[in-house]
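Observations on the three-dimensional arrangement
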Amino acid sequence: MLRVGLTGGIGAGKSTVSKVLAELGAVIVDADLIAREVVEPGTPGLAALVDAFGAGILQADGALDRPALAAQAFGSSESRALLNSILHPRIGQRTAELVEGAAADGIVVQDIPLLVEGHMGPAFNLVLVVYADEAERLRRLVEVRGMRESDARARMAAQATDDERRSAADVWLDNSGSPELIEAQVRALFEDRLVPFERNVRTRTVVPVPPLVRPSDPEWAAQGARLVERLRSVCGDRAIRVDHVGSTAVEALDARDEIDVQITVADLAAADALAEPLAVAGFPRIDSVTRDEPKPVYGVGGEADPALWAVRVHGSADPGRPARVCVRVDGWPGQQFALLLRDWLRADAQARLEFLEVKEIASAKAAAIADDDEAALTYVESVAPWFDRGYRRAWEWAERAGWSPGQ
Ligand code: ADP
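The model shown is predicted, which means the values in this text are computed figures rather than measured ones.

Criteria and thresholds
- Residues numbered from 1 in each chain as written.
- Predicted model: local features only at pLDDT ≥ 70, side-chain atom pairs only at ≥ 80, totals over all residues.
- Heavy atoms only, no water.
- Pairing = 2+ DSSP bridges.
- Helix = DSSP H or I, 4+ residues; strand = E, 2+ residues; numbered from the N terminus.
- Axes fitted to C-alpha atoms, helices over the stretch in contact; angles between N-to-C directions.
- Contact = heavy atoms within 4.5 Å.
- Buried < 20%, exposed > 50% of the residue type's maximum accessible area, 1.4 Å probe, protein only.
- Domains from an automatic or database assignment.
- Buried area = accessible area lost by both parts, 1.4 Å probe.
- Salt bridge = Lys/Arg side-chain N within 4 Å of Asp/Glu carboxyl O.
- Polar contact = N/O pair within 3.5 Å; in protein donor to acceptor, adjacent residues only side chain to side chain.
- Phe/Tyr/Trp six-rings, centres within 6.5 Å; stacked < 30°, edge-to-face > 60°.

Bringing the sheet that holds strand 6 (residues 241-245) into the picture now. Taken together, the four strands give an open sheet; going across it, the order is 6-7-9-8, and neighbouring strands pair in mixed fashion. Unpaired on one side and paired on the other, strand 6 and strand 8 (312-314) mark the two borders of the sheet. Going across the sheet, the axis of each strand differs from the next one's by a mean of 20°, ignoring polarity. As defined by bridge partners, strand 6 adjoins strand 7 (residues 259-265) across five bridges and the pair is classed as antiparallel. Considered in strand 7, the bridge of D243 is made with Q262. The sheet contacts of helix 13 (residues 333-347) involve strand 6, strand 7 and strand 9 (323-329), and relative to strand 6 the element is tilted by about 45°.

Shown next, in the form of structure tokens:
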């Protein structure tokens, strides 16, 4: 199963997008509809509201009088909290029932107008945001949906800004053009991304990362931040920290199009306990890798101790966003080195240049190999020696700079 969050400002075209997704076979779970359903006449939800706020919140026919409820409930923070304590658990339970009722290979799209405002994005495998600029949304609400302009403006002003939505969006669906254009975008997204993503989550399949160095993408930082939030939400207390690391975390450094994230845990048992939740969230484990290349501990020397270089590696099931998620133990040298390497590369222009040169040579070597697996391996093997040398230099820099891994 794939869980997709769908949102957008009022009038942007959410309903239009969810209609196309439904036609394509997605299961739509509509938050507005559920919010109405749980307080229909005859429901325990409506009875609880009457208990709390009195029969004055009912119309003559016994249905909920929304303006009357609003007048009662929005008066104080206590009454608002009371309202939420009645509505939220019921909405949550009904939502969970509908999601759990979907087929094991279902693509469930939750249409939630206030997804960004409620910080719900990290709970989904993927967040889609439908966009149209304010003037166009206003025009559609007034001219097509027949809303009063002042109402439309008030609703828009109470919602998140476009920037807030943009930073929550894994997929930005621009609905500035014709209905045909947005429909074509949604169809392509469904076939090219949602269908294979769902299949990969179900079969625990990791998408391959082409071993090709690409020009640095200014979007990498925001994508990294979003993955970090999603992984934090999946790990909860089991993660001590979650960091965007690797080349894509270093501004303006060309890299393979793969976001590296490190999850720091207390011990290997905690890392193993994350295998299943991470897989469900879209990050299946790559069982063939269980340790980084062991190096002697800097400042201690002697033989490298392989036990200290244990790692659990997860890839991405999302064909639209390759990633590598490494789960490492707090304070172990591999965990420290991932943070150090990023910070050293951020600080040292010469190191960045050298590293880039090594990566470009590796990329060119890999490009000459037809077999994908072999090409990927060649890339990794040709950059590995640089890490062995870089390990020492990074720690020397750390001593000079007084570096510590921070929070
Ligand atoms: P939302 O669900 O995000 O509030 P809707 O999907 O209801 O927005 O769209 C708002 C109004 O604009 C609807 O009446 C819809 O038919 C119309 N609409 C949606 N997309 C377009 C488009 N690309 N061009 C013109 N009108 C559109």
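Still to come is the rest of the account.
What follows concerns the environment of A367. If you trace the backbone, A367 turns up in helix 14 (residues 349-367). Here the alpha-carbon distance between A367 and P210, two residues 157 residues apart in the chain, equals 9.2 Å.

To continue, consider the pairing of strand 9. The buried fraction of strand 9 is high, at six of seven residues. Where strand 7 and strand 9 come together, seven bridges link them in parallel fashion. For V265, the partnering residue across the bridge sits in strand 9 and is V329. For strand 8 and strand 9, the ladder comprises three bridges, and the chain directions are antiparallel. Directly across from H314, in strand 9, lies its bridge partner V325.

Per the domain assignment, the segments of the protein chain are domain 1 (2-203) and domain 2 (219-401). Taken together, the 18 residues of domain 1 in the interface contact 13 residues of domain 2. Of the roughly 1,100 Å² buried where domain 1 meets domain 2, counting both sides, 46% is carbon and sulfur surface. Where domain 1 touches domain 2, the interface holds three salt bridges. A salt bridge links R230 to D170; its shortest N-O distance comes to 2.6 Å. The interface formed by domain 1 and domain 2 contains nine residue pairs in polar contact (both at pLDDT 80 or more).

Right, let's get into the packing of aromatic side chains. Tallied over the full model, the rule gives nine aromatic pairs. When the ring of F337 is compared with that of Y391, the centres are 4.9 Å apart and the planes differ by 80°; the resulting orientation is edge-to-face. Residue F337 is found in helix 13, and its partner Y391 is found in helix 15 (residues 372-401); the two are separated by 54 residues along the sequence. The pair F337 / Y391 is uniform in exposure class, with both members buried. Consider the rings of W344 and W386, whose centres lie 5.8 Å apart with planes at 10°: the pair is stacked. One end of the pair, W344, is in helix 13; the other, W386, is in helix 15, with 42 residues separating them in the sequence. Per residue, the accessibility class of W344 equals that of W386, and both read buried.

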